[in-house]
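So the chains spell out like this:
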Amino acid sequence: MGNHSRSKVEERSIRISGYRAIQHLESLELVANRFNSSWPKLANRLQSLGFLRGIQVLSNRTSLFVSLDVETVQGIIAGRARRKKVPKWIGFGAAIPVLAALAFVPLGSSAPIQHHANAHKHDLDPCALDSISEWIQGAGESAEIKSLSASLLGGITVGTLECNGSRYSYTLGSEEPKRVLKLQKLDA
């Protein structure tokens, strides 16, 4: 009797993203895991590309027969893989400290504080218009300024005064605080 040797062809099996790929002589068999529900989408894609030879659906497994090599199928499946979405609570968890920090940051600059100086200006010239204006409003004192006449007309005081020999006319409003409406030197 002759020696008969039977060569055993080993099936090369690789796992690819939820599929087990088994290389046969004429085709590649992709066996979907029991919990893999995305095999219809892959079958549709392989059929549209023209690589699907057949589908075998059994009670516990689904096999897709394709006319491609393992590396090409890996590329097709990897290209279709989706990233996992980041859970919403992680986004909210990151946003809360940022919002808390922004709540304590002022939106604008504070208004500058105005300081009212109560100190009177002491000019060297007592007959300067600013000094006379302060004297008319009652804020300044000067021995050189003398009131000549004053009359009240409809709530406005009109008068003349003298300072070191020069005469000035003024108009003073009656509302509080009193302010000088017009002040001019009469002797030019």
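Everything that follows concerns the structure shown earlier in this document.
Before going into details, it helps to say that this report is about the structure given with it. Throughout this description, residue numbers start from 1 for each chain and increase along the sequence as written. Restriction of local features to residues with pLDDT of at least 70 applies here, the model being predicted, together with a cutoff of 80 or more for giving and counting side-chain atom pairs; totals for whole chains, interfaces and linings are based on all residues. As a rule here, side-chain values cover all heavy atoms of the structure and leave hydrogens and water aside.

1. Side note on the environment of Ala-150
Helix and strand assignments come from DSSP, with helices taken as H or I runs of at least 4 residues and strands as E runs of at least 2, each series counted from the N terminus. Along the chain, Ala-150 turns up in strand S6 (residues 145-153). Spatially, the C-alpha atom of Ala-150 lies 8.7 Å from that of Leu-161, the residues being 11 residues apart in sequence. Contacts are assigned to residue pairs that have any heavy atoms within 4.5 Å of one another. Sequence-distant contacts of Ala-150, that is, excluding residues within four places in its chain, are made with Thr-157, Val-158, Gly-159 and Tyr-170.

2. A few points about the nonpolar core
In this text, buried Ala, Val, Leu, Ile, Met, Phe, Trp, Tyr and Cys residues form a nonpolar core when linked through side-chain atoms within 4.5 Å. Partly exposed describes any residue whose relative accessible area lies between the buried limit of under 20% and the exposed limit of over 50%, with all areas from a 1.4 Å probe on protein chains only and scaled to the type maximum. Ranked by size, the top nonpolar core spans 17 residues in total, and within it Leu-28, Leu-30, Leu-42, Leu-46, Val-66 and Val-73 carry the most contacts. Secondary structure elements with two or more residues in this core: strand S2 (19-23), strand S3 (28-32), helix H1 (39-49), strand S5 (62-66) and helix H2 (70-80). No other element matches H2, which puts four residues into this core. Of all hydrophobic cores here, the second largest spans 10 residues; its members include Ile-132, Ile-136, Cys-163 and Tyr-168.

3. What to know about unusual backbone geometry
Although it is not a glycine, Asn-164 adopts a positive phi angle of roughly 50 degrees. Secondary-structure assignment places Asn-164 in the loop between strand S7 (156-163) and strand S8 (166-173).

4. Here we look at the state of the cysteines
Disulfide: a covalent bond formed between the sulfur atoms of two cysteine residues. We call a pair of cysteine sulfur atoms a disulfide when they lie within 2.5 Å. A complete count under the given rule lists one disulfide for this structure. At a sulfur-sulfur separation of 1.8 Å, the disulfide partner of Cys-127 is Cys-163. Its torsion about the S-S bond being -85 degrees, the disulfide of Cys-127 and Cys-163 is classed as left-handed. Of this pair, Cys-127 sits in the loop between helix H3 (88-103) and helix H4 (129-137) while Cys-163 sits in strand S7, and the two are 36 residues apart along the sequence.

5. Focus on the pairing of S2
When DSSP finds two or more bridges between two strands, those strands count as paired. In this structure, S2 lies alongside S3, joined through five bridges in antiparallel fashion. Of the residues in S3, the one forming a bridge with Ile-22 is Glu-29. The antiparallel hairpin formed by S2 and S3 contains four residues in its connecting segment.

6. Details of H4
Because an α-helix packs 3.6 residues into every turn, residues spaced three or four apart end up facing the same way. Looking only at H4, the buried set comprises Ser-131, Ile-132, Ser-133 and Ile-136. For H4, the secondary structure elements touched by its buried residues are S6, S7, S8 and strand S9 (180-185). Note on H4: the residue one or two positions beyond its end, Gly-138, has a positive phi of about 95 degrees.

7. Observations regarding the sheet that holds S8
With respect to topology, four strands assemble into an open sheet ordered S6-S7-S8-S9, the strand pairing being antiparallel. Edge positions in the open sheet fall to S6 and S9, since each of these has one partner strand only. Sheet twist, expressed as the mean angle between neighbouring strand axes with direction ignored, is 15 degrees. Pairing of S8 with S9 involves five bridges; the strand directions are antiparallel. By the bridge assignment for S9, Tyr-168 is matched with Lys-185. Those strands touched by H4 are S6, S7, S8 and S9, and its axis lies near 135 degrees from that of S9. Here the axes come from fitting lines to C-alpha atoms, over the contacting stretch only for helices, and the angles between their N-to-C directions go from 0 to 180 degrees.

8. Describing the pattern of salt bridges
We define a salt bridge as a contact between a side-chain nitrogen of Lys or Arg and a carboxyl oxygen of Asp or Glu at a distance within 4 Å. By the definition in use, this model includes one salt bridge. As a salt-bridge pair, Glu-29 and Arg-61 come within 3.5 Å of each other at their nearest N and O atoms. Residue Glu-29 is located in strand S3, and its partner Arg-61 is located in the loop between strand S4 (52-57) and S5; the two are separated by 32 residues in the primary sequence.

9. Thoughts on a nonpolar patch on the surface
A residue counts toward a patch only above 30% relative accessible area and without a salt bridge, and it is joined to like-charged neighbours within 9 Å or, for Val, Leu, Ile, Met, Phe, Trp and Tyr, to nonpolar neighbours within 5 Å. Here the open area of atoms and residues is found with the Shrake-Rupley method and a 1.4 Å probe, where only the protein chains shown may cover a residue. A cluster of nonpolar side chains, Val-98, Leu-99, Leu-102 and Val-105, forms an exposed patch at the surface whose accessible area comes to about 390 Å². Here Val-98 shows up in helix H3. For Val-98, a relative accessible area of 49% puts it in the partly exposed group.

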